[in-house]
Amino acid sequence: MAKIIHEATENMTQLCRKVVHVNIRWSLLDRVSIFRRFFRFIWDRILVCSIGKPAVRYQNLNRRLSDSSPAPEVVEAGPGDLTRTFSSGYDTDSDLVSLKISLLGDCQIGKTSFVIKYVGNEQEKSLQMTGLNLINKTLMVQGARIAFSIWDVGGDGSSYDHVPIACKDSVAILFMFDLTSRCTLNSVVGWYSEARKWNQTAIPILIGTKFDDFVRLPPDLQWTIVTQARAYAKAMKATLFFSSATHNINVNKIFKFIMAKLFNLPWTVERNLTIGEPIIDF
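The structure presented is a predicted model; accordingly, all values stated were derived computationally and were not measured. Here the residue numbers are simple positions, counted from 1 along each chain's written sequence. Since the coordinates come from a predicted model, pLDDT governs what is reported: local features require at least 70, and pairs of side-chain atoms require 80 or more to be given and counted, while whole-chain, interface and lining totals use all residues. In computing side-chain properties, one takes all heavy atoms of the structure into account and sets aside hydrogens as well as water.

Novice: With reference to specific residues and values, describe the environment of Leu103.
Specialist: Within the secondary structure, Leu103 is located in strand β2 (residues 96-104). Here a residue-residue contact requires only that any non-hydrogen atoms of the pair lie within 4.5 Å. In this view, Leu103 contacts Lys111, Phe114, Val115, Ile150, Trp151, Asp152, Val153, Leu174 and Met176; residues no more than four positions away in its chain are not counted. Only DSSP runs of H or I covering at least 4 residues are called helices, and only runs of E covering at least 2 are called strands; the numbering of each starts at the N terminus.

In structure tokens:
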């Protein structure tokens, strides 16, 4: 009997030790979690306070082009002319205009294909990390070099953490969705809301991808998606483009539109609201 009581006592002692050990472990985890939330809060406040600093370098191009022809020649720079710029306004060349552009949207909607189609074989990835890619492209416009820094944010839930750094100082934010998936269009609302927390001045552009697949949908479904996309674009005060990276539909045109908006260049493209054709609405 004494032996049984002794064994029971030892078992209770070991159980108590395990409970105490677990409690201590959870206490440490709680403290670590508190510290992480505190430092995250401080980092977010730093980013908020830094928003609003003017990126004025691209204004030089406006003066340069003000007396030039209405349709400036745009030439892609060679691989050796690609310039790394991680945010607008931090270059050393007097003729270099740095423009930061952000891409937001769900996974598997064609954001990366869209960027690669525009950048081409001369792409240079300056930064690549989980949920965030930075790709550069340099153009020559009337003797000035335009350096696009395109920040492609991954579409999963954890990628929301990259939205502040991706959107800060951007001159344009491209909100993208898959024309064949209405749920990705509905997600644009969340991406737009999150982006505007960190940048209230960037040009908003709503882009529907995979137009080549979209035209195979039934006409009534196409009409529904067009109507919803136009309503979202109007609420966002954004220009709406339907595009296809596979067939290079409206890809280059979108970046030309950004240039025209930034530098007050003539914009000759007309609205296209015809169902079954690549929509352009502004």
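Novice: Please set out the pattern of salt bridges residue by residue, giving values where relevant.
Specialist: By definition here, a salt bridge exists when the distance from a side-chain nitrogen of Lys or Arg to a carboxyl oxygen of Asp or Glu is within 4 Å. All told, the structure shown has 6 salt bridges when counted by the stated rule. Salt-bridge contacts for Asp178 lead to Lys210; the nearest nitrogen and oxygen are separated by 3.3 Å. With Asp178 in strand β6 (residues 172-178) and Lys210 in the loop between β7 (203-209) and α6 (211-214), this pair connects stretches of sequence that are 32 residues apart. Whether a residue is buried, partly exposed or exposed follows from its accessible area with a 1.4 Å probe, protein chains only, as a fraction of its type maximum: under 20%, in between, or over 50%, in that order. Judged by relative accessible area, which is 7%, Asp178 ranks as buried. Under the relative-accessibility criterion, Lys210 is labelled partly exposed at 26%. Arg271 is the partner of Asp281 in a salt bridge, and the nearest nitrogen-oxygen pair spans 2.7 Å.

Novice: I'd like a rundown of the pairing of strand β4 (residues 132-141), residues and numbers included.
Specialist: Counting buried residues along β4, 9 of its 10 residues qualify, which places the element largely inside the surrounding structure. Pairing between strands requires that DSSP locate at least two bridges from one strand to the other. Pairing geometry for β4 and strand β5 (residues 144-153), over 10 bridges, is antiparallel. Across the sheet, residue Leu132 finds its bridge partner in β5, namely Val153.

Novice: Which residues make up the packing of aromatic side chains, and what values go with them?
Specialist: Aromatic contacts are taken between Phe, Tyr and Trp rings whose centres are within 6.5 Å, Trp giving its six-membered ring; a plane angle under 30 degrees counts as stacked, one over 60 as edge-to-face, and the others as tilted. Following the criterion strictly, the structure yields 9 aromatic pairs and no others. Judged by centre distance (5.7 Å) and plane angle (70°), the ring pair of Phe148 and Phe255 falls under edge-to-face. With a gap of 107 residues between them, Phe148 in strand β5 and Phe255 in helix α8 (residues 251-263) connect regions that are remote in the sequence. Each member of the pair, Phe148 as well as Phe255, carries the same accessibility label: buried. In this structure an aromatic cluster arises from ring pairing among Phe114, Tyr118, Phe148 and Phe255. Both a distance and an angle decide whether a charge sits over a ring: NZ of Lys or CZ of Arg must be within 6 Å of the ring centre and within 35 degrees of the ring normal. Directly above the ring of Trp151 sits Lys100, whose terminal nitrogen or CZ lies 4.2 Å from the centroid. Over the aromatic face of Tyr118 sits the side chain of Lys137, whose NZ or CZ is 5.1 Å from the ring centroid.

Novice: Just give me the short version of the side chain of Lys111, but keep the residues and values in it.
Specialist: With respect to the helices and strands, Lys111 occurs in helix α3 (residues 111-119). In this tally Asp and Glu are treated as negative and Lys and Arg as positive; neither His nor the chain ends contributes. For Lys111, which is buried and forms no salt bridge, the nearest opposite charge comes from Asp152, at a distance of 4.3 Å. Two N or O atoms form a polar contact when they lie within 3.5 Å of each other; inside protein one atom must be a possible hydrogen donor and the other a possible acceptor, and for residues adjacent in sequence the pair counts only when both atoms belong to side chains. Reaching out from Lys111, the side chain makes a polar contact with the backbone oxygen of Gly105 at a distance of 3.2 Å. In this structure the side chain of Lys111 is engaged in a polar contact, spanning 3.4 Å, whose partner is the backbone oxygen of Val153. Dropping the residues within four chain positions of it, Lys111 is found in contact with Leu103, Leu104, Gly105, Asp106, Asp152, Val153, Gly154, Gly155 and Met176.

Novice: Requested: an account of the environment of Gln222, with residues and values cited.
Specialist: Assignment of secondary structure puts Gln222 in helix α7 (residues 219-236). Look at Gln222 and you get buried, because its relative accessible area is 5%. For the pair formed by Gln222 and Ile275, sequence separation is 53 residues and the distance between their alpha carbons is 7.1 Å. Apart from residues lying up to four places away in sequence, Gln222 is in contact with Phe214, Val215, Arg216, Leu217, Ile275 and Gly276.

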